[in-house]
Amino acid sequence: MKKAFVVGIVILLVLPLPGKGKGIVYIDIDSASIRLYRLAFPPLTLLQGVDRWGIGKRAEAIIWKDLEIAHLFHLMDRSGFPQKGYLQERLIKYDLWRDRGAEFLLSVGYGVGGEKVFFEFRLYDVVRGRYIGGRRYRGNRKGLSLIIHRMMDDIVEILTGEKGIFCTQIAFVSNRTGNKEIYSMDPDGENLEPITRNGSINLSPSWSPDGRRILFTCFRRRNPDLYEIHLPTGRVRLVSSAVGLNAAGVYSPDGRRIALMMRGKEGTDIFAISPNGKRKEKIVGGWANEASPTWSPDGTKIAFVSDRRGTPQIYVKDLRKGTVSCVTFEGGYNCSPAWSPKGDWIAYAGRVGGRFQIFVVRPDGSEVRMLTEGDADHEDPTWAPDGRHIAYCCNRRGNYDIYIITLQGGGPWRITSMKGDETEPAWSPRIFR
Amino acid sequence: MLRRERALTLAVLLVLFLLPQCKRQVIVERPVETPAEELERGKAMQAPQRPSPSEEEVALKPRKYPGIEGEVLESSLLKDIHFEFDRYDLTPEAKRILAENAQVLLEHPTWKIQIEGHCDERGSNEYNLALGEKRARSARNYLIKLGIAPERLSIISYGEEMPLDPRHCEEAWAKNRRCHFVILSK
């Protein structure tokens with residue numbers, strides 16, 4: 001894990017390129033449905049040096065995959081593209097591209113010099129015939145995917161007014177070594193790295209608000225204790241080790257409390273503790289089981305699972321008023337709530353006909369929507385910081401893999417292809433490195 | 001060569017077979033050694049019906065879980081109990097087994113045990129951790145009702161993390177929804 005952070009510090013000098021476009025939000029990503037714009041993305045052009053490592057090819061594959069996952073564009077077939085090479089503003093012939101049916105054009109050039117590489121892009125609004133924006137990125141070729149991800153996030157920001165999701169990570173659990181360890185990767189599967197390597201049972205990763213620490217539960221001491229790993233140093237800290245569960249720990253948005261599942265008098269309850277594990281306060285509890293807390297982004301509410309009515313259902317507790325309301329009313333097994341970072345939805349896994357599917361519902365219980373389908377289990381939803389992409393795990397190929405979809409019907413895109421089961425994805429906040 | 005050997009063997013067997021029929025008064029034989037386990041079995045037959053605790057310790061098997069510190073002991077006398085899907089209430093069969101387990105605990109008053117709650121793989125890992133706790137709690141409460149001192153009974157939930165049968169079918173799930181009993185100290 002250390003490596004990525006070090007690489008991150010070294011790279012990325014970002015230079016805005018000259019041009020006149022700016023300020024327009026082309027695509028409203030918060031709308032319920034989205035029209036995919038026809039994007040012309042010609043092959044990358046080598047602008048400088050000799051590419052003996054095939055950097056251009058690799059970069060292009062990542063850009064292509066990320067453009068698909070971004071789910072803003074329909075990527076046009078490249079045959080019959082009217083212009084070749086890197087298209088600077090003075091070279092582009094808008095009418096030729098317009099005739100091909102393009103609405104936007106993304107031209108990417110790159111250069112290689114020793115271990116250093118640079119990439120630059122120019123984005124054009126073909127319909128209105130104008131240059132929207134462009135930037136140049138310099139960095140180390142080993143940090144290639146980091147450079148591409150910065151570029152992708154900027155392209156998305158230019159078009160939508162909000163950064164993309166590629167400068168983030170998804171932590172998850174994999175049993176590919178024979179036991180459950182925690183790993184992390186970029187949202188397109190790049191930069192896969194092990195986080196834990198203790199040979200024990202490691203569960204329920206979740207990120208600190210600054211994206212530098214991961215909470216997880218581990219059975220190493222013959223008790224499910226809550227730990228935290230500090231990613232830049234790899235140092236592990238025991239956060240909570242009460243007898244019984246210390247599970248499903250999640251930081252409040254302000255980072256000042258951790259909600260988690262602990263043993264109560266009669267069942268499992270939701271508690272909040274201070275990050276040093278000292279102060280402890282009960283949030284919800286009783287004879288029933290409570291599980292899987294998730295904070296609203298303003299920190300005033302917690303959604304959780306409870307079996308107080310006989311089957312697991314999703315509830316919301318208002319921490320100020322002290323009231324509890326039910327959110328799910330259909331189905332006999334609803335679990336794993338995840339509050340959207342925008343606050344407008346709660347995603348969860350619900351059982352329909354013996355299989356789990358991913359749903360979203362408004363925090364007041366209205367507008368239930370099923371986002372996945374098929375004869376497989378779709379579980380453990382987690383939101384990207386844009387409140388639009390959702391990662392989850394699914395066993396449609398036999399083993400569990402991590403997939404991504406969007407609220408507007410994009411995907412599913414499979415992100416992992418490891419041998420074992422990849423489960424419990426947890427999407428980080430945006431990480432700048 | 002072979003034929004000669006076979007003929008010789010046959011002759012010897014014939015002689016041996018005929019020997020008892022001979023009118024000899026005294027037959028001298030080499031002493032036969034009694035196998036050791038037969039002697040042990042004989043001893044056990046003479047011992048009282050209930051095995052003494054010292055002998056039973058042989059039946060306690062140390063068990064190391066991968067990635068978990070320390071060891072526990074397992075005894076074949078303490079039987080698993082099973083549950084329905086998403087349930088933690090005790091079936092009549094589970095209560096019958098718990099009564100037997102209670103008897104074993106009464107006969108071994110020094111044992112401190114840990115009741116492990118386990119679940120099948122369906123549903124969320126986190127909710128299953130809570131469910132496993134409830135299952136272990138149900139078993140513990142029942143054992144206390146049967147007269148076992150609470151301080152001898154600790155509980156832990158492994159949720160769906162330690163399936164007995166890793167397959168993905170009802171037969172495996174039924175086996176995995178269980179409470180398992182291990183001895184922490186004897």
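Conventions we followed
- Residues numbered from 1 in each chain as written.
- Chains lettered and ligands numbered in written order.
- Predicted model: local features only at pLDDT ≥ 70, side-chain atom pairs only at ≥ 80, totals over all residues.
- Heavy atoms only, no water.
- Helix = DSSP H or I, 4+ residues; strand = E, 2+ residues; numbered from the N terminus.
- Buried < 20%, exposed > 50% of the residue type's maximum accessible area, 1.4 Å probe, protein only.
- Contact = heavy atoms within 4.5 Å.
- Buried area = accessible area lost by both parts, 1.4 Å probe.
- Salt bridge = Lys/Arg side-chain N within 4 Å of Asp/Glu carboxyl O.
- Polar contact = N/O pair within 3.5 Å; in protein donor to acceptor, adjacent residues only side chain to side chain.
- Nonpolar A, V, L, I, M, F, W, Y, C, P; charged D, E, K, R; others polar.
- 1 Å grid on protein atoms, 1.4 Å probe; cavity = no way out; pocket = protein on both sides within 12 Å on 5 of 7 lines; lining within 4 Å.
- Points joined across faces, edges and corners; volume = space filled by probe spheres on them.
- Axes fitted to C-alpha atoms, helices over the stretch in contact; angles between N-to-C directions.
- Parallel < 35°, antiparallel > 145°, perpendicular 65-115°, else oblique.
- Left-handed = near helix turned anticlockwise from the far one by under 90°.
- Pairing = 2+ DSSP bridges.
- Disulfide = S-S within 2.5 Å.
- pLDDT = per-residue confidence, 0-100.
- Phe/Tyr/Trp six-rings, centres within 6.5 Å; stacked < 30°, edge-to-face > 60°.

*Asks:* Now, about the overall build of chain B: what can you tell me, with residues and values included?
*Replies:* From N to C terminus, chain B includes six helices and six strands. Across chain B, helices and strands are ordered from the amino to the carboxyl terminus as α-α-α-β-β-β-α-β-α-β-α-β. Every one of the 186 residues in chain B was classed for burial, and the buried ones make up 40%. Contacts spanning at least 24 positions in sequence make up 72% of the contacts within chain B whose residues lie at least 6 apart.

*Asks:* Any chance you could break down the interface of chain A and chain B for me, citing the residues and the numbers?
*Replies:* Where interface size is quoted, it is often the accessible area lost as the parts come together. The interface is formed by 41 residues belonging to chain A together with 31 residues belonging to chain B. Each partner contributes to the roughly 2,900 Å² buried at the junction of chain A and chain B, and carbon and sulfur atoms together form 51% of this total. Joining chain A to chain B, the criterion identifies two salt bridges. Residues Glu161(B) and Lys180(A) are paired through a salt bridge, measuring 2.8 Å at the closest nitrogen-oxygen approach. For the interface between chain A and chain B, the tally reads 16 residue pairs in polar contact (both at pLDDT 80 or more). Elements with a contribution of two residues or more to the side of chain A that touches chain B: strand 11 (202-207), strand 15 (246-251), strand 16 (258-263), strand 19 (290-295), strand 23 (334-339) and strand 27 (378-383) of chain A. By residue class, the composition of the side of chain A that touches chain B is 16 nonpolar, twelve polar and 13 charged.

*Asks:* Any details on unusual backbone geometry? Residues and values, ideally.
*Replies:* All names here are of chain A. Here the bond from Gly411 into Pro412 is cis, since omega is 5°, no more than 30 degrees from zero. Among the secondary structure elements, Pro412 is positioned in the loop between strand 29 (399-406) and strand 30 (413-414). In this model, Asn191 sits at a positive phi of 55°, which is unusual for a non-glycine residue. Relative to the assigned elements, Asn191 resides in the loop between strand 9 (181-185) and strand 10 (193-194). At Ser204, a residue that is not glycine, the phi angle is positive and equals roughly 50°.

*Asks:* How would you summarise the environment of Pro209(A) if you had to cite specific residues and measurements?
*Replies:* Residues and elements named next belong to chain A. Among the structural elements, Pro209 can be located in the loop between strand 11 and strand 12 (213-218). Here Pro209 falls in the partly exposed class, since its relative accessible area comes to 37%. Separated by 173 residues in the primary sequence, Pro209 and Leu36 have C-alpha atoms spaced 32 Å apart. Among residues more than four places away in sequence, those in contact with Pro209 are Tyr251, Ser252, Pro253, Gly255 and Pro429.

*Asks:* Could you give me a rundown of the layout of surface pockets, with the residues and numbers involved?
*Replies:* Approximately 1,100 Å³ is the volume found for the largest pocket. Residue lining of the largest pocket: 45 residues in total, with Asn175(A), Lys180(A), Glu160(B), Glu161(B) and Pro163(B) positioned closest to the centre. Residue assignment for the lining of the largest pocket shows that the elements contributing at least two residues are strand 25 (355-361), strand 27 and strand 28 (389-397) of chain A together with strand 4 (112-118), helix 6 (170-176) and strand 6 (178-185) of chain B. Along the wall of the second largest pocket there are 38 residues; nearest its centre are Ser206(A), Val250(A), Thr294(A), Thr382(A) and Trp427(A). Put simply, the parts of the chain that give the lining of the second largest pocket at least two residues each are strand 11, strand 15, strand 19, strand 23, strand 27 and strand 31 (422-427) of chain A together with helix 5 (125-145) of chain B. Looking at the lining of the second largest pocket, its residues break down into 22 nonpolar, 13 polar and three charged.

*Asks:* I'd like a description of the packing of helix 2 (residues 55-70) of chain A against helix 4 (residues 144-160) of chain A, backed by residues and values.
*Replies:* A pair of packed helices is captured by two measures, namely the crossing angle of their axes and the spacing between those axes. Residue and element names in this part refer to chain A. Where helix 2 contacts helix 4, the two axes come as close as 10 Å, and the packing angle between them is 40°. In terms of their interaxial angle, helix 2 and helix 4 are classed as oblique. Helix-helix and strand crossings are classified by hand; for helix 2 and helix 4 the assignment is right-handed. Of the residues in helix 4, those touching helix 2 at Ile55, Arg58, Ala59, Ile62, Ile63, Asp66, Leu67 and Ala70 are Leu144, Ser145, Ile148, His149, Met151, Met152 and Val156. Here the contact of helix 2 with helix 4 is composed, by residue class, of eleven nonpolar, two polar and two charged.

*Asks:* Give a detailed account of the sheet that holds strand 26 (residues 369-370) of chain A, specifying residues and quantitative values.
*Replies:* Residues and elements named next belong to chain A. Pairing is antiparallel across the open sheet formed by four strands, whose spatial order is 23-24-25-26. Looking at the sheet topology across the chains shown, the edges are occupied by strand 23 and strand 26. Both strand 23 and strand 24 (residues 346-352) contribute to a ladder of four bridges, which runs antiparallel. Across the sheet, residue Asn334 finds its bridge partner in strand 24, namely Gly350.

*Asks:* For the state of the cysteines, give the residues involved together with the corresponding values.
*Replies:* Using the criterion set out here, one finds zero disulfides over all chains in the structure. Take Cys393(A): it sits in no disulfide, and the sulfur closest to it among the cysteines is that of Cys394(A), at 7.8 Å. The cysteine Cys179(B) is free of any disulfide, with Cys119(B) supplying the nearest cysteine sulfur at 9.0 Å. For Cys179(B), a relative accessible area of 0% gives the class buried.

*Asks:* Break down the sheet that holds strand 15 of chain A for me, citing the residues and quoting the values.
*Replies:* Paired through backbone hydrogen bonds, the strands of a sheet run either parallel or antiparallel to each other. Spatially, 15-16-17-18 (chain A) is the arrangement adopted by the four strands of the open sheet, whose pairing is antiparallel. Among the strands making up the open sheet, the edge pair consists of strand 15 and strand 18 (280-284) of chain A. Put simply, the sheet's adjacent strands are angled 35° from each other on average, direction ignored. Each of strand 15, strand 16 and strand 17 (268-273) of chain A touches helix 5 of chain B; the most contacted strand, strand 16 of chain A, lies at about 25° to it.

*Asks:* So what's going on with the confidence of the model for chain B? Residues and values would help.
*Replies:* All names here are of chain B. With 69% of its residues at a pLDDT of 70 or more, chain B has an overall mean of 81. Every residue in residues 12-25 is under pLDDT 50, and counting partners more than four places away or in other chains gives zero contacts. Interface confidence in the predicted complex, given as ipTM, is 0.91; pTM for the same model is 0.87.

*Asks:* Residue-level account of the packing of aromatic side chains, with values.
*Replies:* Across all of its chains, the model carries 17 aromatic pairs over all chains by this definition. Measuring from centroid to centroid gives 5.2 Å for Tyr333(A) and Phe356(A), while their planes differ by 90°, and the two rings are edge-to-face. On the criterion of sequence distance, the pair formed by Tyr333(A) in the loop between strand 22 (324-326) and strand 23 and Phe356(A) in strand 25 is long-range, its members being 23 residues apart. For Tyr333(A), a relative accessible area of 2% translates into the label buried. The structure contains a cluster of three or more aromatic residues connected by ring pairs, namely Tyr333(A), Phe356(A), Phe85(B) and Tyr127(B).

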